[in-house]
Structures are given as C-alpha cells and as structure tokens.
Amino acid sequence: MQITVDMNLCESHGQCVFAAPGIFSFDDEDHLVYDAGPSDSLRDAAERAAAVCPARAVTVRAAAS
C-alpha cells in the first residue's frame, strides 16, 4: 500500500491522526508526518483516514510492483 498526502491541500485538521494513529502523527512543530508505505494490515485505517480528511489530501493506493 502506498499513501500520499498532498501537503498543498492539507490543512492540518488532524482527522487522519485520529483515524489512523499508527500511520499519521504530528511532529513537535505540529507538522503532519506519516508512513508512506505502511503494512497492509493498516489498510482499513488508512482508507478511513482518507475518507475523513476534510481537504481530501490523503490518497491510498496499492503498492507499486
């Protein structure tokens, strides 16, 4: 699985952090950080995070082969 966040769209609402804390978090300066290639076991959480993003900045895709 591949996750991308369009940082030009991201408004740091943090909904992705609440939906998938194993993938998304904020650093000490409140910038979004995330695992771009998390385990497939986190797919449901990743898709939930993408769905709740009010800016639609999160994209989840199948891993490139």
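Look above for the structure.
The written sequence of each chain sets the order in which its residues are numbered from 1. With the structure being a predicted model, the display of local features is reserved for residues of pLDDT at least 70 and the display and counting of side-chain atom pairs for 80 or more, all residues being used for whole-chain, interface and lining totals. The basis for every side-chain value is the complete set of heavy atoms in the structure, and neither hydrogens nor water enter the calculation.

K.L.:
Go over the overall build of the chain with me, naming the residues and quoting the values.
P.N.:
Secondary structure follows DSSP: runs of H or I at least 4 residues long count as helices, runs of E at least 2 residues long count as strands, and numbering of each begins at the N terminus. Within the chain, the secondary structure is distributed over 2 helices and 4 strands. In the chain, the succession of helices and strands from N to C terminus is β-α-β-β-α-β. Since a compact globule built from 65 residues should have a radius of gyration of about 11 Å, the 11 Å found for the chain is in line with a globular shape. Overall size of the chain, expressed as C-alpha extent along the three principal axes, is 35 × 20 × 20 Å. Here the chain holds 65 residues, and 31% of them are scored as buried. Two things to know: the radius of gyration comes from C-alpha atoms, and the globule rule equals 2.2 Å times the number of residues to the power 0.38. Buried means the residue's accessible area, taken with a 1.4 Å probe over protein chains only, is under 20% of the maximum for its type, while exposed means over 50%, and partly exposed covers the values in between.

K.L.:
Please set out empty space enclosed by the protein residue by residue, giving values where relevant.
P.N.:
Points on a 1 Å grid, built from protein atoms alone, make a cavity when a 1.4 Å probe fits but cannot get out and make a pocket when they are open with protein on both sides within 12 Å along at least 5 of 7 lines; residues with an atom within 4 Å of a point are the lining residues. Grid points are joined across faces, edges and corners, and a volume is the space filled by probe spheres set on the points. In the structure shown here, the tally under the stated rule is 1 cavity of 30 Å³ or more. Quantified by volume, the largest cavity comes out at close to 110 Å³. Each residue gets one of three labels, nonpolar for Ala, Val, Leu, Ile, Met, Phe, Trp, Tyr, Cys and Pro, charged for Asp, Glu, Lys and Arg, and polar for the others, Gly among them. Residues of the lining of the largest cavity, tallied by class, amount to 10 nonpolar, 4 polar and 1 charged.

K.L.:
Any details on the pattern of salt bridges? Residues and values, ideally.
P.N.:
We count a salt bridge whenever a side-chain nitrogen from Lys or Arg sits within 4 Å of a carboxyl oxygen from Asp or Glu. The tally for this structure, following the rule as stated, stands at 2 salt bridges. Linking arginine 43 and aspartate 40 is a salt bridge whose minimum nitrogen-to-oxygen distance equals 3.9 Å. In this structure, the salt-bridge partner of arginine 43 is glutamate 47, at a minimum N-O distance of 3.5 Å. Of this pair, arginine 43 and glutamate 47 both sit in helix α2 (residues 43–52), 4 residues apart, which is roughly one turn of the helix. Note on glutamate 47: relative accessible area 40%, which makes it partly exposed. Among the charged side chains, a salt-bridge network with shared partners connects Asp40, Arg43 and Glu47.

K.L.:
Summarise the pairing of strand β1 (residues 2–5); cite the residues concerned and give the values.
P.N.:
Side chains Ile3 and Val5 project from β1 onto a buried face, and the interleaved Gln2 and Thr4 project onto a face without burial. At least two bridges found by DSSP between two strands is the condition for calling them paired. Pairing analysis gives 4 bridges linking β1 to strand β4 (residues 58–61), with the strands arranged antiparallel. Note on β4: the bridge partner recorded for isoleucine 3 is valine 60.

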